[in-house]
Each structure stands twice: as structure tokens, then as C-alpha cells.
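# Structural characterization, general
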Amino acid sequence: MTDSPSSADAAGHRPDPAAHPGMPRWAKTLAIAAGAALLVALVLMHTLGGGMGNH
């Protein structure tokens, strides 16, 4: 019976982890800025009597 396939190649070498560093810094920064802007907008709407219904 053969082993299940893995991310190693036929010689057993694993890919270099630095080859795929993950999400770029600009994308992380943009996501944080968008999340902060959304949070500020929700807080302003709530405190000024707009959105979120009658809660």
C-alpha cells in the first residue's frame, strides 16, 4: 500500500517555506484600515442615532 500524497516531492524534499511568504504587507495594511473605518462608521452611526434599529 502506498503512503498518502504529501507536499514533498519524489526525493522527499519539502518546498522552501520562504518561497510562499503569505499575504503581502500592503494587503494586511489595507484590511486593517478597512476594518478600522468600518468600526468607526458603526460607532458613529450608533452614537448619532442612525442605524442598528431601536436597540
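Figured I'd write up the structure that's included with this text. Just so you know, these numbers come straight off a predicted model, no measurement behind them.

## Considerations on the overall build of the protein chain
- Within the protein chain, the secondary structure is distributed over one helix and zero strands.
- Put simply, the protein chain has 55 residues, and 2% of those count as buried.
- If you sum the accessible surface of the protein chain, you get close to 5200 Å²; carbon and sulfur atoms cover 67% of it.

## Brief notes about helix α1 (residues 25–47)
- Over its 23 residues, α1 runs 33 Å from end to end, which matches the ideal 33 Å to within 8%, given 1.5 Å per residue.
- Looking one or two places after α1, you find Gly49, whose phi comes out positive at around 90°.

## Description of a nonpolar patch on the surface
- Taken together, the side chains of Leu38, Leu42 and Met45 define a hydrophobic patch exposed on the protein surface, amounting to about 270 Å² of accessible area.
- Along the chain, Leu42 falls in helix α1.

What counts, and where the lines are drawn
Residues numbered from 1 in each chain as written. Predicted model: local features only at pLDDT ≥ 70, side-chain atom pairs only at ≥ 80, totals over all residues. Heavy atoms only, no water. Helix = DSSP H or I, 4+ residues; strand = E, 2+ residues; numbered from the N terminus. Buried < 20%, exposed > 50% of the residue type's maximum accessible area, 1.4 Å probe, protein only. Areas by Shrake-Rupley, 256 points an atom, 1.4 Å probe, with all protein chains shown as cover. Expected span 1.5 Å × (residues − 1). Patch = residues over 30% accessible without salt bridge, like charges linked within 9 Å, V, L, I, M, F, W, Y side chains within 5 Å. Salt bridge = Lys/Arg side-chain N within 4 Å of Asp/Glu carboxyl O.

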